[in-house]
2 protein chains.
Amino acid sequence: MELFYAYEVSGRFCQLDAEESGHCVRVLRHRTGDAVDVIDGLGTLYHCRLTDDSPKGAQAEILSEEANWGGHPYHLTLGCCPTKNNERFEWFVEKATELGVDRIVPLIGEHSERKVYKTERAQRIALSATKQSLKARIPEIVEPMSVKDFLVMPDSDRASLKLIAYCFEDPSIPRRSIMDVLRASDARDITVLIGPEGDFSPEEAALALKNGYRPIHLGPSRLRTETAAVTAVEAVYLYTL
Amino acid sequence: MELFYAYEVSGRFCQLDAEESGHCVRVLRHRTGDAVDVIDGLGTLYHCRLTDDSPKGAQAEILSEEANWGGHPYHLTLGCCPTKNNERFEWFVEKATELGVDRIVPLIGEHSERKVYKTERAQRIALSATKQSLKARIPEIVEPMSVKDFLVMPDSDRASLKLIAYCFEDPSIPRRSIMDVLRASDARDITVLIGPEGDFSPEEAALALKNGYRPIHLGPSRLRTETAAVTAVEAVYLYTL
């Protein structure tokens, strides 16, 4: 099954941009009249008929649609500090999208070695992984923000279960495993924060706890930042199976 | 914490090969008398004192040791068909090692596009990920074998829980999710098989069932081969948390 992404759905028609049109018409050689499946990136799959096979700007007419197609039974925001090596963070974006994530927030922590992150490549990777894993909703990848700015966003309070994974030892703060916390909760709107290689700063961790975040650990293995982020997505994904 | 791998431990001494010696002496500038931590790749961590700082063949004297250091409470064999793109399989090897896996079996299936796989690079990646994630045991990466040869190996019968993830629809064979099966079992010696992009052949799947493998699914998302393999490791790792 091949999916195409429509940057615009107006009335009965889906509009494909130059890249999607080229893939549809030049690479896959679809012609006017062919049946094609189109997603809007917002959760809806459209079964269509190609009405314009221009390789620069193809158009398809909607015959039927399926809402919340390829969705998952939770809403997950994953805040993660981008890694020094961009490829590792982009790998996390691909895997999180395949499994099912709703929002990815690149966080800049006080201990982050990477203070700047451009989201363009991650956006493309998320689109490609969304189509490859047969989903209609592309995860939102927001612009980078500091850990502290994210923690005080009213929006970050929406989640009914807010978790922060950090490693530095503070015996006064008991941490439970992410699975223990998920087992003890029926929350389906979840936010998980993963720190940079240098971990969150004590001030960031304290602010998170003050704002209702619960400290968790991801088990005994010392995981790389991107592995920890994928493990958090896997925990939420697998827990709902 | 920096770990070095000893290719040989004889009596009170650990021998480092040229690569580990160069890293220890040239890069990290350790000198005779320095305290160093050495793993044997079999599960034991040795606290040592460097007794020979030759950059080609360093030697360290064992002061104390910790058995089963950085271990996990299960024994997991992951059989997976190598992907067309080698990097994706090697990424799986790195992540599985970070989380905790005991044996990786590169499987060649009837539908595999890749019929040949060399394990040298994966061995190096597993060693590096073992040290990075603070473990003393390097997962065994066996030479590639056909799915059918693996299924009839007496060795493959050792596991008390044998699972095969496959996608092709056969309504006569009900599949449960890997989490359901793990929840219903107290098995700690587990084998999971993940097929190639083209899935297992019906004959391979039938032979697996005949040999005591239980069919499972990994949830609603369509996962790439390497993502499915990591998700199986995550399920076993997270389930024991």
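Every value quoted in this text rests on a predicted model; they were computed, and no experiment measured them.

Ranked by size, the top nonpolar core spans 98 residues in total, and within it L78(A), F92(A), L78(B) and F92(B) carry the most contacts. Setting aside its immediate chain neighbours within four residues, F92(A) contacts L78(A), C80(A), I104(A), E226(A), A229(A), V230(A) and V233(A).

Looking now at the interface of chain B and chain A. Each side of the interface is counted separately: chain B has 34 residues, and chain A has 34 residues. Summed over both sides, the interface of chain B with chain A buries roughly 2,800 Å², with 50% coming from carbon and sulfur. Of all residues in chain B, R222(B), L238(B) and L241(B) bury the most surface against chain A, accounting for 23% of the area lost on that side. Where R88(A) meets E94(B), a salt bridge forms, and the shortest distance between an N and an O atom there is 2.8 Å. At the surface where chain B touches chain A, the tally comes to 26 residue pairs in polar contact (both at pLDDT 80 or more). For the side of chain B that touches chain A, the secondary-structure elements that each account for two or more residues are helix 2 (86-99), helix 3 (120-132), helix 5 (178-183) and helix 7 (225-239) of chain B. Per-element tally for the side of chain B that touches chain A: the top contributor is helix 7 of chain B, with 9 residues. Looking at the side of chain B that touches chain A residue by residue, the class counts come to 15 nonpolar, 7 polar and 12 charged.

So, on to the domain arrangement of chain A. Residues and elements named next belong to chain A. As far as domains go, chain A holds domain 1 (3-66) and domain 2 (75-239). Taken together, the contact between domain 1 and domain 2 spans 11 residues of the former and 8 residues of the latter. Counting the surface lost from both domain 1 and domain 2, the interface buries some 690 Å², and carbon and sulfur atoms represent 67% of this. Area buried by domain 1 at its contact with domain 2 is led by L3, I39 and G41, which between them contribute 55% of it. The interface formed by domain 1 and domain 2 contains 1 salt bridge. One can count 5 residue pairs in polar contact (both at pLDDT 80 or more) joining domain 1 with domain 2. Ranked by residues supplied to the side of domain 1 that touches domain 2, first place goes to strand 1 (residues 3-10) with 3 residues. By residue class, the composition of the side of domain 1 that touches domain 2 is 6 nonpolar, 3 polar and 2 charged.

All names here are of chain B. Scanning all chains against the criterion turns up 0 disulfides over all chains. Looking at the unpaired C14, the closest cysteine sulfur is the one in C48, lying at 4.0 Å. In this structure C24 is not part of a disulfide, and its nearest cysteine sulfur, from C48, lies 10 Å away.

Here the focus is the relation of the copies chain B and chain A. Take chain B, turn it by 180°, move it 0.0 Å along the axis, and it overlays chain A with an RMSD of 0.0 Å. Expressed as an axis order, the relation between the two copies is that of a two-fold axis. Minimal C-alpha distance to the rotation axis in chain B is attained by E234(B), lying at 3.4 Å.

Applying the stated criterion across every chain yields a total of 29 salt bridges over all chains. Note that E110(A) is salt-bridged to K148(A), the shortest N-O span being 2.6 Å. In this pair, E110(A) sits in the loop between strand 7 (103-108) and helix 3 (120-132) while K148(A) sits in helix 4 (residues 147-151), placing the two residues 38 residues apart along the sequence. Classification of K148(A) by relative accessible area gives partly exposed; the value is 31%. One continuous salt-bridge network, built from bridges that share partners, spans R88(A), R224(A), E226(A), E94(B), K95(B) and E98(B).

Quick notes on the rules
- Residues numbered from 1 in each chain as written.
- Chains lettered and ligands numbered in written order.
- Predicted model: local features only at pLDDT ≥ 70, side-chain atom pairs only at ≥ 80, totals over all residues.
- Heavy atoms only, no water.
- Core = buried A, V, L, I, M, F, W, Y, C linked by side-chain atoms within 4.5 Å.
- Buried < 20%, exposed > 50% of the residue type's maximum accessible area, 1.4 Å probe, protein only.
- Contact = heavy atoms within 4.5 Å.
- Buried area = accessible area lost by both parts, 1.4 Å probe.
- Salt bridge = Lys/Arg side-chain N within 4 Å of Asp/Glu carboxyl O.
- Polar contact = N/O pair within 3.5 Å; in protein donor to acceptor, adjacent residues only side chain to side chain.
- Helix = DSSP H or I, 4+ residues; strand = E, 2+ residues; numbered from the N terminus.
- Nonpolar A, V, L, I, M, F, W, Y, C, P; charged D, E, K, R; others polar.
- Domains from an automatic or database assignment.
- Disulfide = S-S within 2.5 Å.
- Least-squares fit on C-alpha atoms with pLDDT ≥ 70 in both.

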